Amino acid sequence: MIGEDGKNRGEVPLKEALKYAEEVGLDLVEVAPDANPPVCKVMDYGKFKYEMKKKMQSAKKKQAQVVVKEIKLRPKIEEHDYQVKLKHLRRFLEEGNKVKVLLTFRGRELVYIDKGMKLLERILKDVEDIGIQEKPPVKDERAILLTILPHKKGGKSAKVKDTQWSKEEVQNNSEGKN
């Protein structure tokens, strides 16, 4: 049994422990039921529950929510449209959000996957001051997915890996090969 002051009172029979807790005006709470013998503590259980609830609320407030935003592009994007998408992407990164860039191909555009890769390289170059690439791009059936993370605030983030990808590397990444 552990007393209300936090000191160990040794092994005490259950009836004595209950009697002691009643005399002090507190509760006898089992804190380690798996121990041999079980460990009990004399405390104000209502106050304990209240403090635990407050700790949980405080921890929840401090928890950062990761929001994933998505930008959709096509390989034949015009310059003005690209600048608009880039402006949105930069804003998302500055807000601290993770951004998925989805480059989709339609019809015969799939033959020109290298144009798409150049577009992704350009995006990474344009946002390198505020964001970094999470992992190499992943190719789906008719799309390439690139994830960009914002730089960590107050600290240095990881260096951007070499962004020169070949068609084979993108295809291998999408199939789970390295």
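Our structure's up above, just so we're on the same page.
Residues numbered from 1 in each chain as written. Predicted model: local features only at pLDDT ≥ 70, side-chain atom pairs only at ≥ 80, totals over all residues. Heavy atoms only, no water.

> What should I look at first to understand the side chain of Glu109 in this one?
With respect to the secondary-structure elements, Glu109 resides in the loop between β4 (98–104) and α4 (113–126). A relative accessible area of 11% places Glu109 in the buried class. A distance of 2.5 Å separates the side chain of Glu109 from the side chain of Arg74, its partner in a polar contact. Those residues in contact with Glu109 that lie beyond four places of it in its chain are Arg74, Pro75, Lys76 and Thr104. (Helix = DSSP H or I, 4+ residues; strand = E, 2+ residues; numbered from the N terminus. Buried < 20%, exposed > 50% of the residue type's maximum accessible area, 1.4 Å probe, protein only. Polar contact = N/O pair within 3.5 Å; in protein donor to acceptor, adjacent residues only side chain to side chain. Contact = heavy atoms within 4.5 Å.)

> What exactly am I supposed to notice about the layout of surface pockets here?
The method is simple in principle: a probe with the dimensions of a water molecule rolls over the atoms, and the space it marks as empty is what remains. Its volume calculated, the largest pocket comes out at about 190 Å³. Along the walls of the largest pocket sit Met1, Gly10, Glu11, Val12, Leu14, Ala17, Leu28, Pro37, Pro38, Val39 and Cys40, which together make up its complete lining. Approximately 160 Å³ is the volume attributed to the second largest pocket. Forming the boundary of the second largest pocket are Ala64, Gln65, Val66, Val67, Glu95, Gly96, Asn97, Lys98, Leu149 and Pro150. Of the residues that constitute the lining of the second largest pocket, the class distribution is 5 nonpolar, 3 polar and 2 charged. (1 Å grid on protein atoms, 1.4 Å probe; cavity = no way out; pocket = protein on both sides within 12 Å on 5 of 7 lines; lining within 4 Å. Points joined across faces, edges and corners; volume = space filled by probe spheres on them. Nonpolar A, V, L, I, M, F, W, Y, C, P; charged D, E, K, R; others polar.)

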